[in-house]
Amino acid sequence: MRKKLVALDIDGTLLQYDGRLDDEVRDAVRAVADAGHHVVIATGRSILGAVSVIESLSLTDGFAVTSNGAVTARLHGTGWEIIDTVTFDAAPVLQVLKNSWPDAVVGVEEPGVGTKVSAPFPEDEIVGPTKVLPWEELGAEPTTRLTFRSPSGTAEDFVELVDRLGLHGVNYAVGYTAWLDINPEGVSKASALEQVRRELHIEPADTVAIGDHTNDLEMLRWAARGVAMGQAPDEVKAVADEVTLSIDEAGAAVILRQLV
């Protein structure tokens, strides 16, 4: 059997929206890894936010692509190390975002360390240490990811906001809520996964990816077999090679079982 690179999003793909990992999905991921395929977590979460899921899946070697492709980590045993980061100057973006939404808060990622924030985020939305700083100090150093979040807005509000602000020189994705992730230009899960693929010497035809949202668009296009979750927006389904069942029906497990 030819080894495959199997890239898996976390939230809405492996995890339910309440953060629960179904046994059926966990067992399917383990079966793929035990069969010798390379399971690579590919998530918008920070590495600190992804570690608990990686541990739940008992993934002890290989790679994890985090922060929407801006941070790549190598797994070893029960630990991990960051092996690649791509950064950008967040100061111009912060200037554009300032005062653009009444109750918005900003988080500036420090990979493997924590997050600098303009004010506390809603509880449990950021994993790892946070440090509140004045807005002017948040962009003092280059970052891998900037997160803009409103407890009162909607995803539709933020799509309109991005159109109005006209962000340039960055890559961005709006989440299911009023959550905007901003990354370096040209950086995506796909760009990082391509580097991992070459490191693992996997043929392009032997790549599989499963995702559920707009930050997975490039990844699904990149994979030879790109699979959208059943609850994914239409624009995500449109770029996928196929659509599986929804997260409530363990759609990722359906595809993973086919690989073994």
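Bear in mind that the values here come from a model prediction, so they are computed numbers and not experimental data.

(A) Spatial organisation of the pairing of strand β5 (residues 79-85). Taken together, the six bridges between strand β4 (residues 71-76) and β5 define a ladder with antiparallel strand orientation. Looking at the pairing, His-76 lines up with Gly-79 of β5. Remark: two residues form the turn of the hairpin made by β4 and β5, two consecutive strands paired antiparallel; Gly-77 in that turn has positive phi of roughly 60°.

(B) View of the sheet that holds strand β13 (residues 225-228). Strand order across the open sheet formed by eight strands is β5-β4-β3-β2-β1-β12-β13-β14, with mixed pairing between neighbours. Each edge of the sheet is formed by a strand with only one pairing partner; in this case those strands are β5 and β14 (242-243). Relative to β4, strand β3 (residues 61-66) is paired through six bridges, and the arrangement is antiparallel. Looking across to β4, one finds that Phe-63 is bridged to Arg-74. Strands in contact with helix α2 (residues 47-56) are β2 (38-42), β3, β4 and β5; relative to β5, the strand with the most contacts, it is inclined by about 140°.

(C) Spatial organisation of the environment of Thr-144. Along the polypeptide, Thr-144 turns up in the loop between β8 (130-132) and β9 (146-154). A relative accessible area of 1% means that Thr-144 is categorised as buried. A C-alpha to C-alpha distance of 6.2 Å links Thr-144 and Asn-183, two positions 39 residues apart in sequence. Aside from chain neighbours lying at most four places away, what touches Thr-144 is Ala-70, Val-71, Thr-85, Val-86, Thr-87, Phe-88, Glu-109, Pro-111, Ile-182, Asn-183 and Pro-184.

(D) A look at the pattern of salt bridges. Summed over the entire model, instances satisfying the criterion amount to 18 salt bridges. For Asp-206, the salt bridge identified is with Lys-4, shortest N-O distance 3.6 Å. One end of the pair, Asp-206, is in the loop between α5 (189-200) and β12 (207-211); the other, Lys-4, is in the segment before β1 (5-8), and 202 residues separate them in sequence. A salt bridge links Lys-98 to Glu-136, with the shortest nitrogen-to-oxygen separation between them at 2.7 Å. Of this pair, Lys-98 sits in the loop between α3 (91-97) and β6 (105-110) while Glu-136 sits in the loop between β8 and β9; the two residues are 38 residues apart in sequence, bridging distant segments of the chain. In this structure Glu-136 comes out as exposed when scored by relative accessible area, which is 58%. Taken together, the salt bridges that share partners define one network made up of Arg-2, Lys-4 and Asp-206.

The rules behind these values
Residues numbered from 1 in each chain as written. Predicted model: local features only at pLDDT ≥ 70, side-chain atom pairs only at ≥ 80, totals over all residues. Heavy atoms only, no water. Pairing = 2+ DSSP bridges. Helix = DSSP H or I, 4+ residues; strand = E, 2+ residues; numbered from the N terminus. Contact = heavy atoms within 4.5 Å. Axes fitted to C-alpha atoms, helices over the stretch in contact; angles between N-to-C directions. Buried < 20%, exposed > 50% of the residue type's maximum accessible area, 1.4 Å probe, protein only. Salt bridge = Lys/Arg side-chain N within 4 Å of Asp/Glu carboxyl O.

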